[in-house]
Amino acid sequence: MLDLLPHLVNGLVLGLLFALIALGFMLIVGLMEQINLAHGSLFALGAYMGLQFIGPNPPLPADLTTYWLQLPLGWRYALALVIAPCLVGVVGIAVEVCMRRTYGKDPLYGLLLTFGAAMVIEEGIRLIWGTRDYVLEVPRAVSGAFFFQDLIWSTYRFYAAGTAAAVIGLVWLMIEKTSYGAIIKAGAHDSEMVRALGINLSRLRLSVFVFGTILAAFAGIILAPIWGIRPHMGVDAVVPAFLVIVLGGVGSFWGAVAASILVGLAIGLSAAYASEWSLLSMYLLLVAVVTFRARGLFGKKSVLEA
Amino acid sequence: MAKDWITRRRFVTDSLMTATLAGAGTFYGPWQHNAAYAQAKPIKLGLTNDASGQFGNSGQDDHRAIRMAIDEVNAKGGVLGRKVIWVTADTESNPATGTRVAERFITREDCSILIGALHSGVANAITQVANKYGTIYLNSNSSAPSEAAENCSRIKFVWDGNGTNFTKAAVKNAVQAIGKNWLLLTNDYVYGHSTAAATKGQVEAAGGRIIDNMLVPQNTRDFTAYLLKVQQVKPDVVATAMGGDDNKALREQIAQLRLDEGKPAWINNQQDWPDVWGAPQTLFGVFGTTWYHKLSLPGVAEFVKKWQDANKDGPIPVPGNVSYNGYMATRELFRAIERADSTNNVKIIQELEKLKVPALARMQHHDAYMNPDTHQMQQTVYLARKNRKPTDNTDHFEILSWAEPKAVEDDVAPTKCKLIPYDKVPTVDS
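If you're wondering where the values come from, they're calculated on a predicted model, not measured in any experiment. (Residues numbered from 1 in each chain as written. Chains lettered and ligands numbered in written order. Predicted model: local features only at pLDDT ≥ 70, side-chain atom pairs only at ≥ 80, totals over all residues. Heavy atoms only, no water.)

In terms of helices and strands, chain B carries 16 helices and 15 strands. Projected onto the principal axes, the alpha-carbon positions of chain B cover approximately 105 × 50 × 40 Å. The burial tally for chain B puts 61% of its 430 residues in the buried class. When the accessible surface of chain B is totalled, it reaches about 17,100 Å², and 53% of it is carbon and sulfur. Chain B carries 48 positive and 46 negative side-chain charges, and their two centres are separated by 3 Å. (Helix = DSSP H or I, 4+ residues; strand = E, 2+ residues; numbered from the N terminus. Buried < 20%, exposed > 50% of the residue type's maximum accessible area, 1.4 Å probe, protein only. Areas by Shrake-Rupley, 256 points an atom, 1.4 Å probe, with all protein chains shown as cover. Lys, Arg positive; Asp, Glu negative; His and termini not counted. Charge placed at Lys NZ, Arg CZ, Asp CG, Glu CD.)

Counting residues at the interface gives 33 residues for chain A and 36 residues for chain B. Of the roughly 3,000 Å² buried at the junction of chain A and chain B (both faces included), carbon and sulfur atoms supply 53%. Counting across the chain A and chain B interface gives 4 salt bridges. Residue Arg 221 of chain B pairs with Asp 236 of chain A through a salt bridge whose shortest N-O separation is 2.8 Å. Breaking the side of chain A that touches chain B down by element, the ones donating at least two residues are helix H1 (5-32), strand E2 (151-154), helix H9 (201-227), helix H11 (253-273) and helix H12 (278-292) of chain A. (Contact = heavy atoms within 4.5 Å. Buried area = accessible area lost by both parts, 1.4 Å probe. Salt bridge = Lys/Arg side-chain N within 4 Å of Asp/Glu carboxyl O.)

Now for a nonpolar patch on the surface. Residues and elements named next belong to chain A. Among the surface-exposed residues, Val 235, Val 239, Trp 277, Leu 280, Tyr 283 and Leu 284 lie close enough to one another that they form a single nonpolar patch of about 520 Å² accessible area. For the nonpolar patch, the secondary structure elements donating two or more residues are helix H10 (233-248) and H12. Counting residues per element, the nonpolar patch draws most heavily on H12, which supplies 3 residues. Relative to the assigned elements, Val 235 resides in helix H10. (Patch = residues over 30% accessible without salt bridge, like charges linked within 9 Å, V, L, I, M, F, W, Y side chains within 5 Å.)

Residue and element names in this part refer to chain A. Across the interface, helix H2 (residues 39-54) lies against helix H5 (residues 107-129) with an axial gap of 9 Å and an inter-helix angle of 25°. Considering their axes alone, H2 and H5 lie roughly parallel with respect to each other. In the crossing of H2 with H5, the sense of the turn from one axis to the other is left-handed. Together, Ser 41, Leu 42, Ala 44, Leu 45, Tyr 48, Met 49 and Gln 52 of H2 and Ala 118, Ile 121, Glu 122, Ile 125 and Trp 129 of H5 make up the contact between the two elements. Taken together, the residues that form the contact of H2 with H5 break down as 9 nonpolar, 2 polar and 1 charged. (Axes fitted to C-alpha atoms, helices over the stretch in contact; angles between N-to-C directions. Parallel < 35°, antiparallel > 145°, perpendicular 65-115°, else oblique. Left-handed = near helix turned anticlockwise from the far one by under 90°. Nonpolar A, V, L, I, M, F, W, Y, C, P; charged D, E, K, R; others polar.)

Bringing the sheet that holds strand E2 (residues 84-90) of chain B into the picture now. Residue and element names in this part refer to chain B. Sheet architecture is open: 5 strands sit in the order E2-E1-E3-E4-E5, paired in parallel fashion. Both edges of this open sheet fall to E2 and strand E5 (156-158), since each of them pairs with a single strand only. Adjacent strand axes in the sheet meet at a mean angle of 20° when their direction is disregarded. Relative to E2, strand E1 (residues 43-49) is paired through 7 bridges, and the arrangement is parallel. Following the sheet pairing, Lys 44 is matched in E2 by Ile 85. (Pairing = 2+ DSSP bridges.)

In structure tokens, the structure reads:
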């Protein structure tokens, strides 16, 4: 019989990575009630932008490029984690501006628009970077492997899971403990009242969408060294993100986090003990939960009502 | 008004002159190829290549080489004096899409021959449709052993080496030299299953045993659970049968863990060149291929140059096994049509069944031949590993050995492959 502990640890790590992927998606669904099908493509674009800054051809003027490339890899990586998601945020602005006409209408319009945006972004990636695969170089401090319980583990996965936990905490703090978070929640809860109080609702929605985009791009850079970089990598992200949101309960912050960890554990354990069921297990989990709790694990309760 | 009329005599004279000039121009002008094309309708091919999904990258590499072979034959005046034209559609690495595309190409686009496959499920789906209409189908690059065994067909020809060929080239020596306890890591679809079955047979025949077969669902991106289990089970050898993007993600994660250094040993069935390009540092273990652009054989350098000229803006700078198979399949099809002196499907099939290609023309170490009982091209199989001393930035393989086709032929396939008689094949003529 296999020792269970390594697989529980692996499931937990995987769950945190899923939570990181789903975070931006969850914010936009929960706070704007918009399903952003371009989430996966923005995730992929983040990975490519990160690659561009970390790799040998940064999109910078020639003299700045020389200086940039002299920086140690760790610095370039750390700066890319900030700069690349912000640049993808600009793409997020464009998508949100296009989405404005769909607000308050049938959700299908928003779905179709973001689906189209996903296609455009993915094809744009193919045009700029081609169809080949890339590997994202990471600093030595977080690469390589270590021994735990006589098994070799990837250092990077634990770094990625730790980063995911930190980002989850920061996002929660921002939404729950800042006045800006309160305005965002209020805007989602009763937009007319927020507008009546003199708050610019369009700007508020824009900021939420761009923040969700930045989180998607950040997740793309973090996941890139594990999954590899290829134009259609976004599809691999958007499916579990969507599943996690439904499983956790649409709009529920901690519901999404708990659902991510459950999905991670389901995949991790089934891969070890019944490998052919590993991907199916997350769908079975969804069916089982939705059968008994149609609104997902945390039901209707969300950050908006906290 | 009367002077504007055309008299009957003048009308007949002018018509005759026009017809004479047009006829002479057609046959004696500088456009002799077009003159030939004009005599008969073009031969239309349906290129069933993946452009997205798990095999999108490789599918397009296949596509580029097929196009190159078509351009080449058209530049020489076409086949039987007829221009070759083509249509293509993305089969999306998805069998259901493969079925739809094949049906459309045959019934609406009037394609008389289909070419292209990476995903064995897609290849099998296309075969079912092609069977129904008697349309010849060239499976250029799907390497599931089942393609030339239980899923074989009179109308289908398989051009890639398959899981059994690569397994036979590697397993016997590995059981003796490395160890008897083998673990299989198998992509959960037809290629993985049939390759794993072949590996199991070879391992057991060589005195080894399979201690576990882990099935990996398609589109798996995180392999940590599997790699932890590999470490817990402690096999001597892990034999993988993974395809496309799944294979790339697996390679990246094994490289991160450095699991390829020391035990267990890794035997990877085949590494397609488009999957290697872009991430060569993740290559590990011993793997198979049917061709490499650095083989020291006559014609290789010329072929590479020709391919580069045809694909100047392509994503990959040199051809690999996928392009090679796509090109060879298409080229041999045209030659078979010329030999048959007909576009009748059965006559072409009979020509392809007799196909023998000298090593020189194949740019391989041994002569190749089509097995008439399975319709699989029997060819040289190479074993390789990551090149530690590359001569340039495309030199990623170190070729370790090569096996002649007879030595790696699938002996069981003919017993599983049931080809229907020629008179049961619906007639197709381009």
